[in-house]
Amino acid sequence: MALDKNIVVLLGGVGGAKLAIGLAQIVPAQRLTFVVNTGDDFWHLGLRICPDLDTVMYTLAGLVDPDWGWGLKGDSVVALETLNSFYGVDTWFRLGDKDLATHLQRSRLLRCGRSLTEATRRLSKSLGVDAALLPMSDDEIPTKIETVEFGELGFQEYFVKHRWQPVLKSIRHAGCERSSLPSQVRSALSKADIVLIAPSNPWLSLAPILAVNGMRDLLTSLDVPIVAVTPIIGGAAVKGPTAKIMSELGQEATPANIAKFYTGIINGFVNDIQNEPLGRSDLRSIQVNTLMKTEGDKRSLAGATLDWIESWVA
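The structure displayed is predicted, hence computed values, not measured ones.

1. Focus on the overall build of the protein
Now for step 1: When helices and strands are counted, the protein shows 12 helices and 14 strands.
Now for step 2: Taking 20 Å as the expected radius of gyration for a compact globule of 314 residues, we find that the protein reaches 19 Å, a close match to that expectation.
Now for step 3: Taken along the three principal axes of its C-alpha coordinates, the protein extends 60 × 40 × 40 Å.
Now for step 4: When the 314 residues of the protein are sorted by exposure, 52% land in the buried category.
Now for step 5: With an accessible surface of roughly 13,500 Å², the protein has 50% of that area assigned to carbon and sulfur atoms.
Now for step 6: Distance between charge centres in the protein, computed from 31 positive and 34 negative side chains, equals 3 Å.

Okay, structure coming up:
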């Protein structure tokens, strides 16, 4: 297993966090760097909310709510309920009482002039996360969803307020042309022996990362295994709107189309045992169980992926 390799993982959301914890259980923390989607981030109630960063951070810290896969276990929403009942504020976005501490501290650090990278480092270290947890950019690059029913929506309006039911027409990453990669992300990728793309939603969680100025060029310049893990099993997504989005964009929900999304970037693909073989001679692939229901599943997928990569780079 690649215990002496520097591994960088591009990820977002619950699926990405599951692979992250699987890797963290078998790979030394100093060898792991997680580059996380921040296209979902937004200012809400005066606070900077970073859902994917927090999901990965809470997961790695062993604090995530096991039922939801995000948020803090054992949390309550008294503050939000009071905000609604006392002042009539629309509290459509759930913020737990304990979770508020993270958003308050992050927002305080940002207002004191700290970068999101530095704020994330301080938060994650305070929670005992030893692996490097990096935002994809210190710049704000909000994902905007053009819908049939409501026109353009902010990501959280689309995903949470409307429960991703509006029909998607297109996606844009506002401000990506003015964005830049943090030096920490550039350094980690430059030193990487393996790059993994987690089984997160390609359009909502990975496309924002790839949209950051310089990211695609940097990835394509690397002479290392860059391997994506399928988020599609048996024609459906394990969780979330991946298959729905693919249908609305005129694509069949197949691993072949997921692999096509990463054309020019990946040289390896982890497919699920329930799927049809990828059928591409130009791309290495393996079929394993990618459904991560248990802690053992997460470790097994991480281990099988790394063992397979080592077998073709040895």
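That was the structure; now back to the text.
2. With respect to the pattern of salt bridges
Now for step 1: Enumeration over the complete set of coordinates arrives at 10 salt bridges.
Now for step 2: Two residues, Arg-280 and Asp-282, come together in a salt bridge whose shortest N-O distance is 2.9 Å.
Now for step 3: Exposure remark for Asp-282: the relative accessible area of 58% places this residue in the exposed category.
Now for step 4: Put simply, Glu-118, Arg-121 and Arg-122 are held in one network by salt bridges that share partners.

3. Digging into the nonpolar core
Now for step 1: Counting 45 residues, the largest nonpolar core has Leu-10, Leu-189, Val-195, Ile-197, Met-215, Leu-219 and Ile-266 as the members making the most contacts within it.
Now for step 2: For this core, the element with the highest residue contribution is helix H8 (residues 202-211), accounting for 6 residues.
Now for step 3: Those residues in contact with Met-215 that lie beyond four places of it in its chain are Val-35, Leu-181, Val-185, Leu-189, Ile-209 and Leu-210.
Now for step 4: Phe-34, Leu-133, Met-292 and Leu-301 belong to the second largest nonpolar core, which has 39 residues in total.

4. Looking at the environment of Met-215
Now for step 1: Here Met-215 lies in helix H9 (residues 215-221).
Now for step 2: Classification of Met-215 as buried rests on a relative accessible area of 0%.
Now for step 3: Sequence-wise, Met-215 and Glu-118 are 97 residues apart; in three dimensions their C-alpha atoms are separated by 20 Å.

5. With respect to the layout of surface pockets
Now for step 1: If you add up the space inside the largest pocket, you get close to 1,200 Å³.
Now for step 2: What lines the largest pocket is a set of 50 residues, among which Gly-13, Val-14, Trp-70, Phe-159 and Lys-239 lie closest to the centre.
Now for step 3: Residue composition of the lining of the largest pocket, by class: 24 nonpolar, 15 polar and 11 charged.
Now for step 4: Of the voids in this model, the second largest pocket is the one considered here, and its volume is about 310 Å³.
Now for step 5: For the second largest pocket, the lining is made up of 18 residues, of which Val-64, Asp-65, Pro-66, Glu-295 and Lys-298 are closest to its centre.
Now for step 6: Secondary structure elements with two or more residues in the lining of the second largest pocket: helix H1 (13-24) and helix H12 (295-313).
Now for step 7: The class makeup of the residues in the lining of the second largest pocket is 8 nonpolar, 3 polar and 7 charged.

6. Notes on the sheet that holds strand S13 (residues 268-272)
Now for step 1: The 7 strands are arranged S5-S2-S1-S9-S10-S13-S14 in an open sheet whose pairing can be described as parallel. In this open sheet, the two strands that pair with only one neighbour each are strand S5 (132-135) and strand S14 (284-288). The mean inter-strand angle of the sheet, taken between neighbouring strand axes irrespective of direction, is 20°.
Now for step 2: One ladder, built from 4 bridges, connects strand S1 (residues 7-11) with strand S9 (residues 194-197); its direction is parallel. Among the inter-strand pairings, Ile-7 is bridged to a residue of S9, identified as Ile-194.

7. Section: the packing of H1 against helix H2 (residues 51-60)
Now for step 1: Axis separation between H1 and H2 bottoms out at 9 Å; the angle between their running directions is 30°. As judged from the angle between their axes, H1 and H2 are roughly parallel. Where H1 crosses over H2, the handedness of that crossing is right-handed. The residues of H2 that touch H1, namely those facing Gly-13, Val-14, Ala-17, Ala-20, Ile-21 and Ala-24, are Asp-52, Thr-55, Val-56, Thr-59 and Leu-60.

8. A look at the sheet that holds strand S7 (residues 151-154)
Now for step 1: Across the sheet, which stays open at both edges, the 3 strands sit in the order S7-S6-S8 with antiparallel pairing between neighbours. The outermost strands of the open sheet, each flanked by one partner alone, are S7 and strand S8 (168-173). Each strand axis lies, on average, 25° off the axis of its neighbour in the sheet, ignoring direction.
Now for step 2: Along the sheet face, H8 touches strand S6 (143-147) and S8 and points at about 35° away from the line of S8.

Calculation rules
Residues numbered from 1 in each chain as written. Predicted model: local features only at pLDDT ≥ 70, side-chain atom pairs only at ≥ 80, totals over all residues. Heavy atoms only, no water. Helix = DSSP H or I, 4+ residues; strand = E, 2+ residues; numbered from the N terminus. Rg over C-alpha atoms; globule rule 2.2 N^0.38 Å. Buried < 20%, exposed > 50% of the residue type's maximum accessible area, 1.4 Å probe, protein only. Areas by Shrake-Rupley, 256 points an atom, 1.4 Å probe, with all protein chains shown as cover. Lys, Arg positive; Asp, Glu negative; His and termini not counted. Charge placed at Lys NZ, Arg CZ, Asp CG, Glu CD. Salt bridge = Lys/Arg side-chain N within 4 Å of Asp/Glu carboxyl O. Core = buried A, V, L, I, M, F, W, Y, C linked by side-chain atoms within 4.5 Å. Contact = heavy atoms within 4.5 Å. 1 Å grid on protein atoms, 1.4 Å probe; cavity = no way out; pocket = protein on both sides within 12 Å on 5 of 7 lines; lining within 4 Å. Points joined across faces, edges and corners; volume = space filled by probe spheres on them. Nonpolar A, V, L, I, M, F, W, Y, C, P; charged D, E, K, R; others polar. Pairing = 2+ DSSP bridges. Axes fitted to C-alpha atoms, helices over the stretch in contact; angles between N-to-C directions. Parallel < 35°, antiparallel > 145°, perpendicular 65-115°, else oblique. Left-handed = near helix turned anticlockwise from the far one by under 90°.

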